[in-house]
Amino acid sequence: MTKQTIIKICGISDARVLDAVIAAGADMAGFVHFARSPRHLSLGEISELISLARARIQSVVLLVDPDDALVGEVKKLAPDIIQLHGKESPKRVEQIKAQTGLHVIKAVPVGDANDIKALKAYLGPADLLLLDAKPPKDALRPGGLGATFDWNLLKALDGDIDYMLSGGLSPDNVAMAIKLVDPYGVDVSSGVEQAPGEKDLGLIKAFIANARRST
């Protein structure tokens, strides 16, 4: 029996979208706490959504280079997972795991073969890697930019390495991506939006349906 690909919808901003994501069959719901993102939520808003998500779907709080104080505040919200999307070192990932006792996803930018080699340093510290397209040097955000990378680079990875594929995925290409690289999971944000930060329920349903059909 073919394994089922894990599906994460990131950048969820309200209960209506969260309910739609759960109803459509996603496995993880991502909430962003990063002021530069159009999907940014306050910790209070995230707390309410985590409460709604509990026992229905795994909740993931996305942070970018958080300090210990912020990590402590997020721990109090009791999400299932913390996602680190900044320049956190492997040592910093280990520190955050130890401080929170939570599972940690580490986002790693991929642009060339050197990035594939570098990501291996995170295999022990992080519970799961999320491979995203490397942003331009002048980008104000580390992710959620709707750009893809050359998935053929992933052929250099050990087949036993679990990772989530992110970066430029959409209802139109998610099935092809899964067939090509067979990731543990797929992650989408801007690819299911009608405008930055505004999720489209139809695109969410189509993304999940197309991802499921490919597994």
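Residues numbered from 1 in each chain as written. Predicted model: local features only at pLDDT ≥ 70, side-chain atom pairs only at ≥ 80, totals over all residues. Heavy atoms only, no water.

Here we come to the overall build of the protein. On a plain count of helices and strands, the protein comes out with 7 helices and 10 strands. Its C-alpha radius of gyration of 16 Å places the protein within 12% of the 17 Å reference for a compact globule of 215 residues. Counting only C-alpha atoms and orienting by the principal axes, one finds that the protein spans roughly 40 × 40 × 40 Å. Across the protein, every contact between residues at least 6 apart in sequence was considered, and the portion connecting residues at least 24 apart equals 53%. For the protein, the exposed surface amounts to about 9900 Å²; the carbon and sulfur share of it is 51%. Of note, the protein has its 25 positive side-chain charges centred 1 Å away from the centre of its 27 negative side-chain charges. (Helix = DSSP H or I, 4+ residues; strand = E, 2+ residues; numbered from the N terminus. Rg over C-alpha atoms; globule rule 2.2 N^0.38 Å. Contact = heavy atoms within 4.5 Å. Areas by Shrake-Rupley, 256 points an atom, 1.4 Å probe, with all protein chains shown as cover. Lys, Arg positive; Asp, Glu negative; His and termini not counted. Charge placed at Lys NZ, Arg CZ, Asp CG, Glu CD.)

In this section: the pattern of salt bridges. This model, assessed by the stated rule, comprises 10 salt bridges. Residue Lys 76 is joined to Glu 73 by a salt bridge in which the shortest nitrogen-to-oxygen separation is 3.1 Å. Of this pair, Lys 76 and Glu 73 both sit in helix 3 (residues 68–77), 3 residues apart, which is roughly one turn of the helix. With a shortest N-O distance of 2.6 Å, Lys 199 and Glu 193 are connected by a salt bridge. Per residue, the accessibility class of Lys 199 equals that of Glu 193, and both read buried. Each of Arg 39, Glu 193 and Lys 199 takes part in salt bridges that share partners, so that together they form one network. (Salt bridge = Lys/Arg side-chain N within 4 Å of Asp/Glu carboxyl O. Buried < 20%, exposed > 50% of the residue type's maximum accessible area, 1.4 Å probe, protein only.)

Attention shifts here to the sheet that holds strand 7 (residues 163–165). An order of 1-2-3-4-5-6-7-8 is seen for the 8 strands of this closed barrel, with the pairing classed as parallel. Direction aside, the axes of adjacent strands within the sheet are offset by 25 degrees on average. Both strand 4 (residues 81–84) and strand 5 (residues 103–110) contribute to a ladder of 4 bridges, which runs parallel. Note that in strand 5 the partner of Ile 82 across the bridge is Val 104. (Pairing = 2+ DSSP bridges. Axes fitted to C-alpha atoms, helices over the stretch in contact; angles between N-to-C directions.)

Orientation of helix 6 (residues 174–181) relative to helix 7 (residues 201–213), taken along the N-to-C sense of each, is 30 degrees, at an axis distance of 8 Å. Taken as axis vectors, helix 6 and helix 7 run roughly parallel relative to one another. In this structure, helix 6 crosses over helix 7, and the sense of that crossing is right-handed. In this structure, helix 6 uses Val 174, Ala 175 and Ile 178 to contact helix 7, whose residues at the interface are Phe 207, Asn 210 and Ala 211. (Parallel < 35°, antiparallel > 145°, perpendicular 65-115°, else oblique. Left-handed = near helix turned anticlockwise from the far one by under 90°.)

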